[in-house]
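Residue strings, one per chain:
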Amino acid sequence: MLSAADILKDVETQRVQFVALWFTDITGLVKSVMIPAGELANVFENGSHFDGSAIEGFARVAESDMVLTPDESSYVILPWTEGDEKTARLVCSIHTQDGEPFIGDPRSLLVKALDQAREMNLRFKTGMELEYFLFPLDAAGMPVVAARNDIAGYFDIPDDPIRSMGRKMLLALGALGIKVDSTHSETGQGQHEIDFQYDDALRSADNILTARVALKTIARKFGYYCTFMPRPHADLPGSGMHTHQSMHDLQSGANVFADGESEYGLSQTAAYFLAGQLEHARAMCAVLAPLVNSYKRLGASFEAPVNVTWAHVNRSALIRVPSTAPGKEYHTRLELRCPDPTANPYLAMAVMLQAGLDGIVHKMELPDPMEETLLQSMPDRRRQIKVLPQSLEEALDALSEDDVILSALGPYVSDRYIAAKRQECDEYARQVTDWEVQRYLNRF
């Protein structure tokens, strides 16, 4: 791992001119403070002071002075900058003037959750499948959102410039230290997916934050707009961020979810963890599917989950247990299918982890899996199964009543998060859509 001294030396050697200090607000938007490279030594020693009162959900004016503390392990040079604009990036945590972690910092909340797992001798690892759409830009630089823009279907080879853009995206991610398993075109025209390699949850969250900026930047250079909006067009499928999860022994690194002797290859610890996520699934949705638009995907889009169930192959289930080849039990994992790419990655992983740990602590009983054939043959059982929220408002109601997920966010973040999202719901409810005008104006 690089030290501050190593970074300062590299900045000088590489002739870096600027350093971008990145952090997120509560909603997950990337914020940045830019400093001249010559100021970096001072920032490593004293942090970078900024006014937090203008940031969504951060602070009242009376408590606005915040300090950005860079994480040395996040140092990279942004590959799309060069020459007299060459810029490095450091992801930061937020502290108060007294040096304490700020209770409204999403990254610090994830660190706190990971520390609780470590106290149980557990290490949380994740790997995400990030879906997104590419829309061409018009002459005014605005995205042209249409049901047809490139004709590539599922796993098809797209035409240039999409193919060339995809290569540049992978090169940029590699230069940023983000390891990719693969990328391919998705079911929607103009839709693509990048699958990231497994990593510690904090690094995975940093990688998602970074990848969203990188993909948008590269797309712009090709005359395209990259969007992670969950459902940008009614005639296109939605974009998800399926998240694969596993827990590992802190000392040995062994996957504690794996048990090759059980029917589904899951250990008792995995069963408890899975039961905990099912128990808190509806509340988690407010964080994992955080937009009004997210619910145009859930339950309505191709292969988006509906039921609060788990299964082996049923893709309408909330959590799937992917198959592992004999001798590859260390790949045992749980695939959570409701998150979408607009979620704040730090808050998302914090609530996922806390829900699973609650299941472990309380030894929650795991219900039977619900494969599609079983659901079809047991209509009475189907009626007893809980479903995911149908709207952001319903998800916020569930969050407001779930002490475990509220605790994962903490009172400061949960209060401000719920208030911001309630406002979003209220603003959406006041809209008069084109559909309403076309349907009702001439009828009544």
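Residues numbered from 1 in each chain as written. Predicted model: local features only at pLDDT ≥ 70, side-chain atom pairs only at ≥ 80, totals over all residues. Heavy atoms only, no water.

Turning to the packing of helix α7 (residues 281-288) against helix α11 (residues 392-400), a few remarks are in order. Closest axis-to-axis distance for the α7/α11 pair is 7 Å, and the angle between their directions is 120°. As summarised for this structure, α7 and α11 are arranged oblique, according to the angle between their axes. At the point where α7 passes α11, the crossing takes the left-handed sense. The segment α7 lies against α11, with Arg282, Ala283, Cys285 and Ala286 engaging Leu392, Glu394, Ala395, Leu396, Ala398 and Leu399. (Axes fitted to C-alpha atoms, helices over the stretch in contact; angles between N-to-C directions. Helix = DSSP H or I, 4+ residues; strand = E, 2+ residues; numbered from the N terminus. Parallel < 35°, antiparallel > 145°, perpendicular 65-115°, else oblique. Left-handed = near helix turned anticlockwise from the far one by under 90°. Contact = heavy atoms within 4.5 Å.)

Before going further, it helps to spend a moment on the packing of aromatic side chains. The description of an aromatic ring pair rests on the distance of the ring centres and on the angle between the ring planes. In total, this model carries 9 aromatic pairs according to the counting rule given. Where Phe124 meets Phe273, the ring centres are 6.1 Å apart and the plane angle is 40°; that geometry is what we call tilted. Taken as a pair, Phe124 in strand β7 (residues 122-136) and Phe273 in helix α6 (residues 268-279) lie far apart in primary sequence, 149 residues in all. With relative accessibility at 2%, the residue Phe124 sits in the buried group. A network of ring pairs unites the aromatic residues Phe124, Phe257 and Phe273 as a single cluster. Arg416 extends its terminal NZ or CZ atom over the ring of Tyr412, reaching a point 3.6 Å from the ring centre. (Phe/Tyr/Trp six-rings, centres within 6.5 Å; stacked < 30°, edge-to-face > 60°. Buried < 20%, exposed > 50% of the residue type's maximum accessible area, 1.4 Å probe, protein only. Lys NZ or Arg CZ within 6 Å of the ring centre and 35° of its normal.)

Let us now look at the packing of α6 against helix α8 (residues 345-361). Axis separation between α6 and α8 bottoms out at 6 Å; the angle between their running directions is 120°. For the element pair α6 / α8, the angle class is oblique. You can see that α6 and α8 cross each other, and the crossing is right-handed. Seen from α6, the contacting residues are Thr269, Tyr272, Phe273, Gly276 and Gln277; seen from α8, they are Met352, Leu353, Ala355, Gly356, Leu357, Gly359 and Ile360. Considering only residue class, the contact of α6 with α8 consists of 7 nonpolar, 5 polar and no charged. (Nonpolar A, V, L, I, M, F, W, Y, C, P; charged D, E, K, R; others polar.)

Another aspect to go through is the pattern of salt bridges. With the rule as written, the count across this model stands at 10 salt bridges. Between Arg203 and Asp199 there is a salt bridge, and its shortest N-O distance comes to 3.3 Å. On the basis of relative accessible area, Arg203 is assigned to the partly exposed category, the value being 35%. By sharing partners, the salt bridges in this structure join Asp71, Arg107 and Asp206 into a single network. (Salt bridge = Lys/Arg side-chain N within 4 Å of Asp/Glu carboxyl O.)

Where nonpolar side chains cluster on the molecular surface, the patch consists of Val432, Val437 and Leu441 and spans about 290 Å² of accessible area. Residue placement: Leu441 occurs in the segment after α13 (434-440). By relative accessible area, which is 58% here, Leu441 ends up exposed. (Patch = residues over 30% accessible without salt bridge, like charges linked within 9 Å, V, L, I, M, F, W, Y side chains within 5 Å. Areas by Shrake-Rupley, 256 points an atom, 1.4 Å probe, with all protein chains shown as cover.)

A few words now on the pairing of strand β8 (residues 180-185). Judged from the 5 bridges that link them, β8 and strand β9 (residues 191-196) form a sheet pairing that is antiparallel. By the bridge assignment for β9, Thr183 is matched with Ile194. Counting the residues that bridge the hairpin from β8 to β9 gives 5 residues, and of these Gly190 lies at a positive phi of roughly 90°. (Pairing = 2+ DSSP bridges.)

Looking now at the side chain of Glu193. The topology assignment puts Glu193 in strand β9. Taking the relative accessible area as the measure of exposure, Glu193 reaches 5% and is therefore buried. Those residues in contact with Glu193 that sit more than four places away from it in its chain are Glu129, Leu130, Glu131, Tyr132, Ser182, Thr183, His184 and Glu186.

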